[in-house]
Every structure is written in C-alpha cells, then in structure tokens.
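Descriptive analysis of the structure
Take a look at the letters that make up each chain.
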Amino acid sequence: MKKVRKVLGSFVFIHGLILLGMFALYGYIATQNAYILLGMALSFAGAMCGSFIRLGDKIDALKAK
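**Looking at the overall build of the chain**
Looking only at helices and strands, one finds 3 helices and 0 strands in the chain. When the helices and strands of the chain are listed from N to C terminus, the series reads α-α-α. Over its C-alpha atoms the chain spans a radius of gyration of 15 Å, topping by over 25% the 11 Å that the globule rule assigns to 65 residues. Counting only C-alpha atoms, the chain reaches 50 × 15 × 15 Å along its principal axes. When burial is assessed residue by residue, the chain has 17% of its 65 residues classed as buried.

Printed below as a string of structure tokens:
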C-alpha cells in the first residue's frame with residue numbers, strides 16, 4: 001500500500017493529471033463533445049485525491065516528530 005500512496009502522492013503524477021485535464025478541456029473547446037468533460041472531471045478529481053494523500057502524509061510526518 002505504501003507504493004501506491006507514494007505514486008499517487010507524487011508531484012509528477014499530480015501535475016500530470018492536471019495537464020491531462022487541461023488537455024481534455026482544450027479538446028472539449030475544439031470539438032464541443034460533452035463526453036470529454038467527463039475525462040476532465042475525472043482527471044481533476046484524481047489530482048485532488050493525490051494532493052490529499054500527499055497532504056495527509058506530510059501531516060503524519062509532522063506528527064511523528
């Protein structure tokens with residue numbers, strides 16, 4: 001489970017999901033295909049979950065000190 005938390009909370013993964021969401025938003029603007037918005041929402045939700053995992057790990061590290 002630690003490996004999963006490490007990947008999901010990594011800086012590169014979080015920003016990769018944000019970049020993917022921005023690319024999906026551009027795709028929606030260019031094509032007006034509303035189904036692309038679902039991918040954008042899921043990408044941003046994944047980035048939010050990853051950032052909360054990262055934040056929780058940082059708080060746990062501070063409590064351990």
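**So, unusual backbone geometry**
In this structure, Gln32 is a non-glycine residue whose phi angle is positive, near 60 degrees. Its location among the elements puts Gln32 in the loop between helix H2 (11-31) and helix H3 (36-64). Taking relative accessible area as the criterion, Gln32 reaches 54% and is therefore assigned exposed.

**As for the environment of Ile18**
As for its placement among the helices and strands, Ile18 is situated in helix H2. Given the relative accessible area of 32%, Ile18 is considered partly exposed. Note: C-alpha distance between Ile18 and Ala45 (27 residues apart in sequence) is 9.3 Å. What Ile18 contacts, discounting residues up to four positions off in sequence, is Ser43, Phe44 and Ala47.

**Focus on the packing of H2 against H3**
Direction vectors running N to C along H2 and H3 enclose 160 degrees, while the axes themselves pass 8 Å from each other. One finds that H2 runs roughly antiparallel with respect to H3. Every pair of crossing elements has a handedness; the one defined by H2 and H3 is left-handed. Residues Phe11, Ile14, Leu17, Ile18, Leu20, Gly21, Met22, Ala24, Leu25, Gly27, Tyr28 and Thr31 of H2 touch H3, and the partners they reach there are Ile36, Leu37, Met40, Ser43, Phe44, Gly46, Ala47, Gly50, Ser51 and Arg54.

Thresholds, definitions, all that
- Residues numbered from 1 in each chain as written.
- Predicted model: local features only at pLDDT ≥ 70, side-chain atom pairs only at ≥ 80, totals over all residues.
- Heavy atoms only, no water.
- Helix = DSSP H or I, 4+ residues; strand = E, 2+ residues; numbered from the N terminus.
- Rg over C-alpha atoms; globule rule 2.2 N^0.38 Å.
- Buried < 20%, exposed > 50% of the residue type's maximum accessible area, 1.4 Å probe, protein only.
- Contact = heavy atoms within 4.5 Å.
- Axes fitted to C-alpha atoms, helices over the stretch in contact; angles between N-to-C directions.
- Parallel < 35°, antiparallel > 145°, perpendicular 65-115°, else oblique.
- Left-handed = near helix turned anticlockwise from the far one by under 90°.

In short, the description is geometric, and any link to function would need to be established separately.
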